Every structure is written in structure tokens, then in C-alpha cells.
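Chain residues, written in single-letter form:
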Amino acid sequence: MKHVFLLSAILFLVVMTSGSAYAGSPTDGYIPTWKVGDRWVLEATYRDLKSEGEVWLPPIQWVFKVRAMKTVDNQKCYVVHIFPNKGDMKNQAILWLSVDDLKPMRVIDIFPTNEGMKHAERDLDPSGEVPLLAEDTLIPYDLPVFPLNRANTAAQGADGFSAYRGQATEKKFAKIRNIGGLSFKRTVAQKNKAPEKQYADTFAAYRSSGAAYQVEIDEPRSSTDIVQLWQKGSPWALSSENRDRKVRLVPSSAPESGSANENGGEF
């Protein structure tokens, strides 16, 4: 029962600050917008690290739900609760993401241990700008730095994918991690580019006709190399992939497998 009380206490702080949907400020680039009550499902498949070769474990579905709005460091934030769509999984997370640009302002990971459920807050620099990487967790909440934009977006075809002549743009970010009282600096690179033709089938699986984006995030020191596909009209990346994890957004019309985790469902 301890994990129930832990999650209830955290969610109580969330709902006490709930409010109405907030549209955010206009911008030249693409930033997903949500409202309280929005939810979507990501299906993640993980490489079996105990086996040799291309061996992948059965997929896990993760439910993302916008629980509330909250102000953190004078920034209006979405409060996004993430929980597994099956009863035997316990890992969860709560993200506070700025409404203006989805910058992570606060991230709490909730996970089981031999001593019961624990939670840990991610070490973030709210004043900085850096992609959010889902490190040391199964939950695929990787996010690029927004807004996403490229040159010559008017050259994109009506299907949101073809005839795209935009030039790739790359930006590097300084990531600071505090470990044992010491600060370590790493460089994270993010490249926004026209979607490659090999991903045409991915976009075809969704009915959105909005502008399409391919985002590549690279952190050499940690061997992190993520490719994400985003499209206007979808709440999250259509797909996200690295060497150990493949993630896809479940279309809203598709049935969800299993039943919602009671500890992460409605309250």
C-alpha cells in the first residue's frame, strides 16, 4: 500500500493546482499544444540486453495524461502523468512542461525497489535549454527542444511529407549534471531536418496532414542517438528510436492492449 500513498500524495499536489487549458504564445515554429484531460498512448519495445543479436521483448504501452496546469518558477506548465497500461508494472513519471515551449521544468520518476516504491526528481536547469532524455528509466518521455522549424517549409507537399526541400538545422546544447557534489558538462546536439523517404510509411499510418519533422538527438558521451518523427496535429512524436528502444504513438482510433493501471488511472 505504500506505493499507493506515495503516488496519491504526489497527485494531490498536482490536482490542487489544476486549471483550465492554456493555449500558449504564438511562435514561428512548431510546438505541440494540449489541454487538461488530453491523453495518448505510446507503445515501446525494448531490446533484450541479456540476449545476443536482435532480440526484442514484448511491447509495453504507456499512457500519457495531462492532469493539470501548474506554475513552476513563474512558468505556466502542463502537468503530464505517465503510467503503464497494465496492472503489473509500477514505474510512473510526472512531467512539468512549460506551456510556452515544452521546456522541462520538473520531472519526477516513480519506481519500485526492494524497500518499496521510491521517487526521484531529475536534476534539471530550468534556466537552460536542452533536450529531455529518458535516462535510467523505461518510460519513453524523450523530448527535443522546441520549437521545431526548418527553412523553406512552404515547399512541403500537401501530404505533409513529400517535396520537402528544407535545409537541416543543427544546434548544440550544454548539459550540466550534478553527481556527488560535482558538476559534469556534456554536449547534446539536436538536428531538425526533412523526413527521409524511408519513413514515408510511418507518416502514412497516421491521418494528420500537418508539417512533418525528423529530429535527431545525439549525446556522444552516453552513446545516446535518438531519431524522432513529429507531425503537426499529433500530440507526441509518431515514432522515436534508438539502439535499445523503439517507440510508436498508438493511433487514437486503435484499441489499447490490456487494462489501465489502477494506481495510474482516474482519480
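Just so it is clear, the model here is predicted, and its values are computed rather than measured.

A.B. asks: Whenever I open this one, the nonpolar core confuses me. Can you help?
C.D. replies: Nonpolar side chains in soluble globular proteins tend to be buried together. Core analysis: the largest hydrophobic core is formed by 48 residues, its most contacted members being Tyr-141, Trp-230 and Trp-236. Put simply, the parts of the chain that give this core at least two residues each are strand E1 (39–46), strand E2 (60–72), strand E3 (75–84), strand E4 (92–98), strand E9 (212–219), strand E10 (224–231) and strand E12 (245–249). Element by element, the count of residues in this core is highest for E2, at 5 residues. Look past the residues within four positions of Trp-236 in its chain and what remains in contact with it is Trp-34, Trp-40, Leu-42, Phe-64, Pro-140, Tyr-141, Asp-142, Leu-143, Trp-230 and Leu-249. Ala-68, Val-79, Ile-108 and Met-117 belong to the second largest nonpolar core, which has 10 residues in total.

A.B. asks: Before we go on, may I ask you to explain the pairing of strand E6 (residues 116–121) in this structure?
C.D. replies: Strand direction decides the pairing type here: strand E5 (residues 104–113) and E6, joined by 6 bridges, are antiparallel. Along E6, the bridge assignment pairs Thr-113 with Gly-116. Between E5 and E6, which pair antiparallel and follow one another directly, the connecting turn spans 2 residues.

A.B. asks: Where do I start with the pattern of salt bridges in this structure?
C.D. replies: Pairing between side chains of opposite charge can happen when the charged atoms of each approach one another. Summed over all chains, the structure comprises 15 salt bridges. Where Glu-129 meets Lys-171, a salt bridge forms, and the shortest distance between an N and an O atom there is 3.3 Å. You can see Glu-129 sitting in the loop between E6 and strand E7 (169–179) and its partner Lys-171 sitting in strand E7, a full 42 residues away along the chain. With relative accessibility at 36%, the residue Glu-129 sits in the partly exposed group. Across the salt bridge formed by Asp-142 and Arg-245, the nearest N and O atoms sit 3.5 Å from each other.

Criteria and thresholds
- Residues numbered from 1 in each chain as written.
- Predicted model: local features only at pLDDT ≥ 70, side-chain atom pairs only at ≥ 80, totals over all residues.
- Heavy atoms only, no water.
- Core = buried A, V, L, I, M, F, W, Y, C linked by side-chain atoms within 4.5 Å.
- Buried < 20%, exposed > 50% of the residue type's maximum accessible area, 1.4 Å probe, protein only.
- Helix = DSSP H or I, 4+ residues; strand = E, 2+ residues; numbered from the N terminus.
- Contact = heavy atoms within 4.5 Å.
- Pairing = 2+ DSSP bridges.
- Salt bridge = Lys/Arg side-chain N within 4 Å of Asp/Glu carboxyl O.

Purely spatial values, then, with no claim about function.
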